[in-house]
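# Overview (structure and organization)
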Amino acid sequence: MVLRALGRPVTAAILTLTTFFAYGPQPARSDPGVGVPPRVRYDAAPAITWETCPEDEQVQCGTMRVPADWGAPYGPQIDVSLARRPAGDPKRRIGVLMVNPGGPGASAVTMALEAQPLSAEVGERFDIVGIDPRGVGRSAPILCDQALVDSKPSPLPASESEFARIATFNQRLAADCSSRSGPAFHHADSASVVRDMEAVRVALGEPQINFYGASYGTLLGQLYGEYYPQRLRGLVLDSVMDHSVDAGEFLTQAAEASQDSFDEFVAWCARDTRCVLRGHDVKAIWAKLMARAAAGTLVNPYDPPSRLTVWDLISAAFSAFYDPQWYSFAHYLQEAYAPAPATARRAVMPVDQTPYSFPAVVCQDWWLPVAGFAGYQDQLRALAVRAPQMLTSPLALTAVAGCLGWPRLPVNPQRAIQRATGPVLLVNSRHDPATAYTWARQVAMQLGPDARLLTYDGWGHVAYSHSTCVSRAVDRYLSDLTLPATGASCPAVEPEPYGVG
């Protein structure tokens, strides 16, 4: 998912047996949530068609045809796209490192092309392989009508009719996206992506892979480690999703993380002389901005004369906390509080359709029921007690609201992950706005004694990119599978200002 704040996109956004999948006899389906894929052997392993990537001649771009439904291998097929950046030092090459940046909806092909945020040392020792998950990027992308996507109702309904409109919209959206996207739309769950990953491993001829997943990509890593433990050498989970929590826990723990990030912003503003709101009551300013947003009178300082809603305002804050962009966000609040004279609003060129895989993926991976409008309102009131400024986690509430009325039940619903059978490294910021630190602790406990959580005592999402201490620990683990000491942590790094002025 991409949330926009301060004029800058921020990728947000939140997933046992060694088997071989193939075009063999049609397998029986496993029960949803059991976590054991059908036992299928290859008659003829899918092959990857390679060519030089136009963006970078040092990188190979590939396409592999796989079943849209791995439970029906003779049924419709889709093309999965990937990129491979060969290890820079072949003599020191360890193997393949598959990567996924999360989202859901972010491109792993782009991650491999840019080799970011991974260090040069990792690039020297590993072939970096990024597979765009089915429905994302270049892999049978899920496409939807742009105007319809833009008309999405607020996840903060004020009445039962507004609540009902969310479900009606979701049904219209699902029908529209399905009609534009082909068979990938109904098979975009993370378990199917993991089976694509295994097919790529077989096609590459690698006995084992390594995996680095960030944010929603950690769900792929958890599932791959559970399905194919013998095929996994090393596993890094950065900013961890907990796929065992129910709807209430998901919303509550995410809201607490969102509020914690707001509180950390307020604390920073009180100690840093470069905060333009220093010396002011930031929470009081925020309360007045929220009141104006609720009244429909808050002008967007970066796009006047358009108005900001409550949802817009908390979403802007949430996105600003990803890096975090504290300096820019303080300027944003200052300008919203005392806006400059309005200027003409910028024209936006119309677009017919847009890639939009978030609801299709999330609603196949998560069971997020609510007890009607009354239950939804009760949940929002409870969240507001735990998150008095942020009210909720925009990302988590988008997921819950986005699955209201969804036409199909999830095929990969929540459950506890099985214990790891090899060393797993988890890293998480203590003050991560999107993937709650609580989730990393809970997943580490589920994975058992072979898993180790390294805590970054700082802020922001995706710890590898925020701390040299974290990145060095991850690089060392990938090199020789050495885990940090139990309870290890990395010191916080104060964010530097950028994009100000």
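Just so we're clear, the structure is a prediction, and the values are computed from it rather than from any experiment.

The next thing to look at is the state of the cysteines. For the structure shown, the criterion picks out five disulfides. Two residues, cysteine 269 and cysteine 275, share a disulfide whose sulfurs are 1.9 Å apart. Taking the sign of the S-S torsion, -70° for the link of cysteine 269 and cysteine 275, the bridge is left-handed. A single burial state applies to cysteine 269 and to cysteine 275, both of which are buried. Here cysteine 363 connects covalently by a disulfide to cysteine 403, the sulfurs 2.1 Å from one another. Because the torsion about its S-S bond is -105°, the bridge between cysteine 363 and cysteine 403 counts as left-handed. With cysteine 363 in helix H11 (residues 358–365) and cysteine 403 in the loop between helix H13 (394–402) and strand E12 (424–431), this pair connects stretches of sequence that are 40 residues apart. With a relative accessible area of 3%, cysteine 363 lands in the buried category.

Locating serine 107 in the fold gives a position in the loop between strand E6 (95–100) and helix H1 (108–114). Residue class for serine 107 comes out buried when judged on its relative accessible area of 18%. Apart from the residues within four sequence positions on either side, serine 107 is in contact with Pro101, Asp132 and Val136.

Counted by the stated rule, this structure contains 20 salt bridges. Between glutamate 198 and arginine 201 there is a salt bridge whose closest N-O contact spans 2.8 Å. One end of the pair, glutamate 198, and the other, arginine 201, are both in helix H5 (residues 190–204), three residues apart, so they sit about a helical turn from each other. The salt bridge partner of glutamate 494 is arginine 271, with a shortest N-O separation of 2.8 Å. Taken together, the residues span a long stretch of sequence, with glutamate 494 in the segment after strand E14 (489–490) and arginine 271 in helix H7 (residues 247–271) at a distance of 223 residues.

Bridge analysis of strand E3 (residues 48–53) against strand E4 (residues 56–67) gives six bridges, and the strand direction is antiparallel. Bridge pairing in E4 links cysteine 53 to aspartate 56. The antiparallel hairpin formed by E3 and E4 contains two residues in its connecting segment. Pairing of E4 with strand E5 (residues 77–85) involves eight bridges; the strand directions are antiparallel. Within E5, the residue paired with proline 67 across the bridge is glutamine 77.

Definitions and cut-offs
- Residues numbered from 1 in each chain as written.
- Predicted model: local features only at pLDDT ≥ 70, side-chain atom pairs only at ≥ 80, totals over all residues.
- Heavy atoms only, no water.
- Disulfide = S-S within 2.5 Å.
- Buried < 20%, exposed > 50% of the residue type's maximum accessible area, 1.4 Å probe, protein only.
- Helix = DSSP H or I, 4+ residues; strand = E, 2+ residues; numbered from the N terminus.
- Contact = heavy atoms within 4.5 Å.
- Salt bridge = Lys/Arg side-chain N within 4 Å of Asp/Glu carboxyl O.
- Pairing = 2+ DSSP bridges.

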